[in-house]
Amino acid sequence: MSTTPPITPSPSVGEVTIRTDYPDPLWVQAADAIRDQIASGSLRAGSRLPPERELCLRLGISRVTLRKALQTLVEDGALTPSHGRGWYIAGATDERNEWPNSLESFTETADRMGLVASSRVLRAEVSSSSIDEAEKLGIAPGTPLFRLGRVRMLNDVAIAVDLSLVPASLIPNAARHDFRVHSLYGALAEAGHDLANAETTIEAREATSEIAAQLDVIVGTPTLVMHQIVSGRADRPVLASTIQYAGDRYRLRTYFARHNRTELQ
């Protein structure tokens, strides 16, 4: 398993002319230029801007001027700063772009958000289950498991590292799927297993060196780790997964209701 995958390249900022003889200040022109490229789709939601030095050279402005332009875009909601890593193009704030509280695959969520899901496959193999893994899935220790490890991406931006475990007998055709683009949920449905619900636990954890390399973040960066046991219609576990999200690229939307209670006498 590779622990140092290639870093997703930053998008390019096209040729932009900043005019010193224009009445608008240089930082206003720079902000407008970046905003125009976001609107045109040249700079995609979730992608990282090139380094500040490169931006200064392309735009022909000083770093002080650039920082003022970038901060204006942050205040406008067009950019999101990430300490130590740079500036990211913000996504739409519509609730459709939040992770749902319904059970859907990464690919289904991406489709709903109007984004393209893809994966970098780290491992796809069958091996025996450990005692702990068997307990999670309600199977006997040593039962063969299909292990699928992926870096999950939206529009080529790494979002999470996903390790999924499925009893090999439930997905006998796993080898014929290209999990760089295929959905594991889809593969299970194709094999006749409808997924119904998931028991989920979410915790905060710092990124290790391996996770940091895969997500293109700094070691120690906060991440959100989601542990799920997904069951089918018969309420039997079908899939166990651990998904570690870059903390600033994930938002979970949920819903709470307060039940009526009989007042104490």
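A few points on the structure. Keep in mind that what you see is a predicted model, and the values were worked out from it rather than measured.

Overview of the sheet that holds strand β5 (residues 157-167)
Okay, step 1: Spatial strand order, β3-β4-β5-β8-β7-β6: 6 strands in an open sheet with antiparallel pairing. Because the sheet does not close on itself, it has two edges, and the strands there are β3 (117-128) and β6 (195-206). Taking each pair of neighbouring strands and ignoring which way they run, the sheet shows an average axis angle of 15°.
Okay, step 2: Pairing geometry for β6 and strand β7 (residues 222-232), over 11 bridges, is antiparallel.

With respect to the nonpolar core
Note that soluble globular proteins tend to have their nonpolar side chains buried in a common cluster.
Okay, step 1: Core analysis: the biggest nonpolar cluster contains 19 residues, and Leu-49, Leu-66, Leu-70 and Leu-79 have the highest contact counts within it.
Okay, step 2: The set of elements that each furnish at least two residues to this core consists of α1 (26-40), α2 (52-59), α3 (63-75) and β2 (86-89).
Okay, step 3: Top element by residues in this core is α3. It accounts for 5 residues.
Okay, step 4: Excluding residues that lie within four positions of it along the chain, Leu-70 makes contacts with Ile-34, Leu-49, Glu-52, Leu-79 and Trp-87.

Description of the packing of aromatic side chains
Okay, step 1: In this structure the tally under the stated criterion is 1 aromatic pair.
Okay, step 2: Consider the rings of Phe-146 and Phe-179, whose centres lie 5.9 Å apart with planes at 40°: the pair is tilted. Of the two residues, Phe-146 sits in strand β4 (residues 144-154) while Phe-179 sits in the loop between β5 and α6 (184-190), which places them 33 residues apart along the sequence. Judged on exposure class, the residue Phe-146 and its partner Phe-179 are both buried.

As for the side chain of Arg-152
Okay, step 1: Tracing the backbone through its elements, the reader meets Arg-152 in strand β4.
Okay, step 2: With near-sequence residues (within four places) excluded, Arg-152 lies in contact with Phe-106, Thr-107, Ser-118, Ser-119, Val-157, Ala-158, Ile-159, Ala-160 and Asp-162.

Quick look at the pattern of salt bridges
Okay, step 1: A full pass over the atoms with the stated rule returns 13 salt bridges.
Okay, step 2: When the shortest N-O distance is used, the salt bridge between Asp-178 and Arg-180 registers 2.9 Å.
Okay, step 3: Accessibility expressed as a relative area gives 27% for Asp-178, which makes it partly exposed.
Okay, step 4: If you follow the salt bridges from partner to partner, you end up with Asp-32, Arg-35 and Asp-76 in one network.

Considerations on α1
Count 3.6 residues to each turn of an α-helix, and residues three or four apart come out pointing the same way.
Okay, step 1: With 15 residues, α1 extends 21 Å between its outermost C-alpha atoms, agreeing within 8% with the 21 Å of an ideal straight helix rising 1.5 Å per residue.
Okay, step 2: Buried residues of α1: Gln-29, Ala-30, Ala-31, Ala-33, Ile-34 and Gln-37, and no others.
Okay, step 3: Just past α1, the residue Gly-41 takes up positive phi, approximately 90°.

Definitions and limits used
- Residues numbered from 1 in each chain as written.
- Predicted model: local features only at pLDDT ≥ 70, side-chain atom pairs only at ≥ 80, totals over all residues.
- Heavy atoms only, no water.
- Pairing = 2+ DSSP bridges.
- Helix = DSSP H or I, 4+ residues; strand = E, 2+ residues; numbered from the N terminus.
- Axes fitted to C-alpha atoms, helices over the stretch in contact; angles between N-to-C directions.
- Core = buried A, V, L, I, M, F, W, Y, C linked by side-chain atoms within 4.5 Å.
- Buried < 20%, exposed > 50% of the residue type's maximum accessible area, 1.4 Å probe, protein only.
- Contact = heavy atoms within 4.5 Å.
- Phe/Tyr/Trp six-rings, centres within 6.5 Å; stacked < 30°, edge-to-face > 60°.
- Salt bridge = Lys/Arg side-chain N within 4 Å of Asp/Glu carboxyl O.
- Expected span 1.5 Å × (residues − 1).

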